[in-house]
2 protein chains.
Amino acid sequence: MRYKCIVSYKGNAYVGFQSQINGLAIQDVIEEKLKIIFREDIRIVIASRTDAHVHAKGQVFHFDAREIDTYKLKGSLNGLLPKDIHIRDIEIVADDFHCRYLSRGKWYRYLINIGEYDPLLDGLAYQCFYKVDVAKMIEASKLFIGKHDFSAFNTTPKSEKEDQVREIYSFDILRKGDLLIIDVKGDGFLRHMVRILVGTLLDVARGRKSISDVQAMLEDKEKEVLRFNIDACGLYLMQIYY
Amino acid sequence: MRYKCIVSYKGNAYVGFQSQINGLAIQDVIEEKLKIIFREDIRIVIASRTDAHVHAKGQVFHFDAREIDTYKLKGSLNGLLPKDIHIRDIEIVADDFHCRYLSRGKWYRYLINIGEYDPLLDGLAYQCFYKVDVAKMIEASKLFIGKHDFSAFNTTPKSEKEDQVREIYSFDILRKGDLLIIDVKGDGFLRHMVRILVGTLLDVARGRKSISDVQAMLEDKEKEVLRFNIDACGLYLMQIYY
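Note that this is a predicted model, so its numbers are computed, not measured.

**Description of the side chain of T50 of chain B**
Next, step 1: With respect to the helices and strands, the residue T50 of chain B is situated in the loop between β2 (45-46) and β3 (55-64).
Next, step 2: Residue T50 of chain B is classed as buried on the basis of its relative accessible area, which comes to 6%.

So, in structure tokens, the structure goes:
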């Protein structure tokens, strides 16, 4: 049977979703608990790697194992998992379902606190200690919408660079009190791309870059640029579309 | 000089605001940092004791010490304090200002997640695992508004019981997605009172108590009642009014 799972997690304690040599990944924890339940090694396939400290509301993974009632499986798994990881949904899917290859798009959210430091948002939002021009941020964000070559907005090593054209469906910035809620939806994202897009907007918001600098970054793909790769702790993988 | 300070904190790591023998209190941490700055023992006076794990957006305390520029003092203090405690404001007040005696009212907030468990709300909201009737909660909450003897809704030992009449100015329950935001404003609150009021409403919401049971608790002050003293981690001291 192939199982598709939707998982939410608080990323602060982990080196990321995918197993790595340098520390505990969320994948390690989930595979360990699946082994307890199925009594065999289970390897999960991830829809989207998230970096260290990044959170998720709707990450997706799939795996193959013998049939267990999904309601019971969800209960057992959540009973074994730590408090910062929670399986929201499990369903049995077709054997040829693939959580990564079949994904049609993703929704990321980034939270920025532009007011007084709030201890209750520590690890959950980026704390901005300087004055920002939100209207300028919104103006610059419009440049990202649509199909663009995002070569200047990611950290994938040049040797691995293939096609770096991605389509951003929407880029919304909402201010709620002192909190900026930035929602980015697109067909796919390169390494650190969302964080660099948001970091670039903050550079615009504080006057370090102009709108035309951003335009030039989008057009002049080969130029080496100073990119602001903003903290991971404000980033949330909200949903993967199929 | 008398200093009035507004402080916000994440309460999870502490035994409460006030110093106690059983662990680290927020007061201990603040007094330790004030000693470093003023090079003498400083004793702070608290507006409102908060229990272990309770959070605050607007707790107030005052203390006496020699004059230091309040802007610099705020910066030094926040530089020394850990990430879960933050001084929002410091001002010099009259020598006869008293943060507790002069308080005219308080605003508490309680957060309840009535949807799927969310790892990102762990320690920040009460997770409700049963179905609740929000309309019934709102109906029952109206009974609390106004001046009442809240003897059945606190845990102060009987020997210490004096006047237990308190006035609740407003009791608002707002549903935002799966989150219930409960705002209670009143002239003062007895020990565990907000948590017991909210716990009682949840008993109503799940059918364990009727509206008339709640009415009887308010009228029949001497009767021993089973009270549901709900988790501290969903409680926030929002503001103290002067």
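**Section: the domain arrangement of chain A**
Residues and elements named next belong to chain A.
Next, step 1: Each assigned domain of chain A is listed here: domain 1 (2-93) and domain 2 (105-241).
Next, step 2: On a C-alpha basis, the centres of domain 1 and domain 2 stand 27 Å from each other.
Next, step 3: Each partner contributes residues to the interface: domain 1 has 16 residues there, and domain 2 has 14 residues.
Next, step 4: At the boundary of domain 1 with domain 2, total buried surface from both sides reaches about 1,100 Å², with 60% on carbon and sulfur atoms.
Next, step 5: The tally of links from domain 1 across to domain 2 stands at 1 salt bridge.

**A look at the interface of chain B and chain A**
Next, step 1: Between chain B and chain A, the residue contacts involve 22 residues of the former and 22 residues of the latter.
Next, step 2: Both sides of the chain B and chain A interface together cover about 1,700 Å² of buried area, and 55% of this is carbon and sulfur.
Next, step 3: Counting across the interface, chain B meets chain A through 6 salt bridges.
Next, step 4: Salt-bridge contacts for K57 of chain B lead to D118 of chain A; the nearest nitrogen and oxygen are separated by 2.9 Å.

**Some thoughts on the relation of the copies chain B and chain A**
Copy one and copy two of the chain differ by a rotation about an axis and a translation along that axis.
Next, step 1: Rotating chain B by 180 degrees about the axis while translating it 0.0 Å along that axis superimposes it on chain A, leaving an RMSD of 0.0 Å. The two molecules are tied by a two-fold rotation axis, judged by turn and shift.
Next, step 2: Looking at chain B, 100% of its interface residues are interface residues in chain A too, so the copies touch through the same face.

**Some remarks on the packing of aromatic side chains**
Residue and element names in this part refer to chain B.
Next, step 1: Counted under the stated rule, the structure contains 22 aromatic pairs over all chains.
Next, step 2: Seen in terms of ring centroids, F38 and F63 are 5.9 Å apart; in terms of plane orientation they differ by 70 degrees. Their pairing is edge-to-face. In this pair, F38 is assigned in helix α1 (residues 26-38) and F63 in strand β3, connecting sequence segments 25 residues apart. A single burial state applies to F38 and to F63, both of which are buried.

**Considering the pairing of strand β10 (residues 235-241) of chain B**
Residue and element names in this part refer to chain B.
Next, step 1: Counting buried positions over the 7 residues of β10 gives 5, a clear majority of the element.
Next, step 2: Of the strand pairs in this sheet, β3 and β10 are connected by 2 bridges, and their pairing is parallel. Across the sheet, residue A56 finds its bridge partner in β10, namely L237.
Next, step 3: Inspection of the sheet shows strand β5 (residues 105-113) paired to β10 by 6 bridges, in the antiparallel sense. Residue pairing for β10: G105 is matched across the bridge by Y241.

So, how was this worked out
Residues numbered from 1 in each chain as written. Chains lettered and ligands numbered in written order. Predicted model: local features only at pLDDT ≥ 70, side-chain atom pairs only at ≥ 80, totals over all residues. Heavy atoms only, no water. Helix = DSSP H or I, 4+ residues; strand = E, 2+ residues; numbered from the N terminus. Buried < 20%, exposed > 50% of the residue type's maximum accessible area, 1.4 Å probe, protein only. Domains from an automatic or database assignment. Contact = heavy atoms within 4.5 Å. Buried area = accessible area lost by both parts, 1.4 Å probe. Salt bridge = Lys/Arg side-chain N within 4 Å of Asp/Glu carboxyl O. Least-squares fit on C-alpha atoms with pLDDT ≥ 70 in both. Phe/Tyr/Trp six-rings, centres within 6.5 Å; stacked < 30°, edge-to-face > 60°. Pairing = 2+ DSSP bridges.

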